[in-house]
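Examination of the molecular architecture
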There are 2 protein chains.
Amino acid sequence: MSNQLPIVDDVCCTPLVREPLTEPQAVELARMFKAVGDPVRLRLLSLIGSHDGGEACVCDLIGAFDLTGPTISHHLKVLRESGLITGERRGTWIYYRAEPDTLARLSTLLQPAAAVTA
Amino acid sequence: MSNQLPIVDDVCCTPLVREPLTEPQAVELARMFKAVGDPVRLRLLSLIGSHDGGEACVCDLIGAFDLTGPTISHHLKVLRESGLITGERRGTWIYYRAEPDTLARLSTLLQPAAAVTA
């Protein structure tokens, strides 16, 4: 049985079923999970990540919610400050992308034991 | 270098970079992420998941925190109600395990585009 993990070494971490988190690691990672612990932000992240070309502007997102522009912008700011999305201004709009390194880190962290020891 | 992550097909869902979440999906999943969006609960989950034999009782956990037993028990209840851990009473103690299907579901959901399209 191999314990080798299919992880992206330069961005990743250890699955939590393999090694307990330290307190500073837990504080940092809990902040990211808290950011996606909200249905609107989780849907925003999925809309951005699955959008054509892997990016979306507020103009692409606002129609999916019964929320004002400033509320959407607030949620985007939380996702951005947690490192889950990045934004790039082009012309009138900021285009957002899911941050692959952050997603990979959280995804690997949550791998179950079966995946870790497979 | 392969970015592909192991997916457990029978319990899993679609990575959010592939398909937007529906509102009910987002509500259900956000509840789980909110449960790990707290440093104490995230450390508890990692201590349980990485403990010898993949299970731990409160007696194994309490020493890692400067918190009372009832506070630890409250956080364990939140993890349990969110489907992240299960508990089984044996004698004096309840033994907790990380729930592999829930971890696999959240891990797959967060897979980055590189892992999904690899």
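An unreviewed UniProt entry lists chain A under the name Helix-turn-helix transcriptional regulator, with Amycolatopsis alkalitolerans as the source organism.

What follows concerns the overall build of chain A. Each helix and strand counted, chain A has 6 helices and 3 strands in total. Secondary structure elements in chain A, listed N-terminal to C-terminal, are α-α-β-α-α-β-β-α-α. Across the 118 residues that make up chain A, the buried fraction comes to 51%. When contacts within chain A are restricted to residue pairs at least 6 apart in sequence, long-range pairs at least 24 apart make up 62% of them. Accessible surface, chain A: about 5,600 Å² in total, of which carbon and sulfur atoms supply 50%.

Here we take up the relation of the copies chain A and chain B. Here chain A sits on chain B after a turn of 180 degrees about the axis and a move of 0.0 Å along it, with an RMSD of 0.0 Å. Accordingly, the operation relating the two chain copies is best matched by a two-fold axis. Among all residues of chain A, the minimum C-alpha distance to the rotation axis is found for Ser107(A), at 2.1 Å. The overlap is high: 92% of the interface residues of chain A also sit at the interface in chain B, so the same surface is used on both sides.

This part takes up the environment of Arg43(A). Relative to the helices and strands, Arg43(A) resides in helix α2 (residues 39–49). The class for Arg43(A) is buried, based on a relative accessible area of 13%. Each C-alpha atom, one on Arg43(A) and one on Ala64(A), is 9.1 Å from the other, the two residues being 21 residues apart in sequence. Beyond its immediate stretch of four places on either side in the chain, Arg43(A) contacts Ala64(A), Phe65(A), Leu21(B), Thr22(B), Glu23(B) and Ala26(B).

Residue and element names in this part refer to chain B. Pairing between strand β2 (residues 85–90) and strand β3 (residues 93–98): 6 bridges, direction antiparallel. Following the sheet pairing, arginine 89 is matched in β3 by isoleucine 94. Hairpin connection, β2 to β3: the antiparallel pair is bridged by 2 residues, and glycine 91 has positive phi, about 70 degrees.

All names here are of chain B. Across the sheet, 3 strands lie side by side as β1-β3-β2; this open sheet has antiparallel pairing. The sheet is open, and its two edges are formed by β1 (55–57) and β2, each paired on a single side. Neighbour to neighbour, the strand axes of the sheet diverge by 30 degrees on average, direction disregarded. The pairing of β1 with β3 spans 3 bridges and is classified as antiparallel. The residue bridging glutamate 55 from the neighbouring strand is arginine 97, located in β3.

Contacts between the two partners involve 37 residues from chain A, matched on the other side by 38 residues from chain B. As a salt-bridge pair, Arg43(A) and Glu23(B) come within 3.8 Å of each other at their nearest N and O atoms. Counting the contacts that link chain A with chain B gives 3 residue pairs in polar contact (both at pLDDT 80 or more). Put simply, the parts of the chain that give the side of chain A that touches chain B at least two residues each are α1 (23–35), α2 and α5 (100–109) of chain A. Of the residues contributing to the side of chain A that touches chain B, the split by class is 23 nonpolar, 8 polar and 6 charged.

Residues and elements named next belong to chain B. Mapped onto the elements, serine 82 comes out in the loop between α4 (69–81) and β2. Note on serine 82: relative accessible area 9%, which makes it buried. Engagement of the side chain of serine 82 in a polar contact is seen with the backbone oxygen of valine 78, the distance being 2.7 Å. For serine 82, the residues in contact, after removing those within four places along its chain, are Arg31, Met32, Ala35 and Thr102.

Rules used in this analysis
- Each chain has its residues counted from 1, running along the sequence as written.
- Following the order in which they are written, the chains are lettered starting with A and the ligands numbered starting with 1.
- A pLDDT threshold of at least 70 governs which residues receive local features in this predicted model, and a stricter bar of 80 or more applies before side-chain atom pairs are shown or counted, although totals over entire chains, interfaces and linings include all residues.
- Excluded from the side-chain calculations are hydrogens and water; all other atoms, namely the structure's heavy atoms, are used.
- Every helix listed is a DSSP run of H or I at least four residues long, and every strand listed is a run of E at least two residues long, numbered separately from the N terminus.
- The buried label applies to any residue whose accessible area, calculated with a 1.4 Å probe on protein chains only, is under 20% of its type's maximum; exposed applies above 50%, and partly exposed to all values in between.
- Contacts are assigned to residue pairs that have any heavy atoms within 4.5 Å of one another.
- Residue-level accessible areas treat just the shown protein chains as cover; the underlying method is Shrake-Rupley with a 1.4 Å probe.
- What sets the superposition is a least-squares fit of C-alpha atoms, and only residues with pLDDT of at least 70 in both copies go into it.
- When DSSP finds at least two bridges between two strands, those strands are taken to pair.
- Note on geometry: axes are C-alpha line fits, over the in-contact stretch for helices, and angles between N-to-C directions span 0 to 180 degrees.
- Here, a salt bridge means any side-chain nitrogen of Lys or Arg that lies within 4 Å of a carboxyl oxygen of Asp or Glu.
- Here a polar contact is taken to be a pair of N or O atoms separated by no more than 3.5 Å, where protein atoms must pair a possible hydrogen donor with a possible acceptor and residues adjacent in sequence count only if both atoms sit in side chains.
- Each residue receives one of three labels: charged for Asp, Glu, Lys and Arg, nonpolar for Ala, Val, Leu, Ile, Met, Phe, Trp, Tyr, Cys and Pro, and polar for the others, Gly being one of them.

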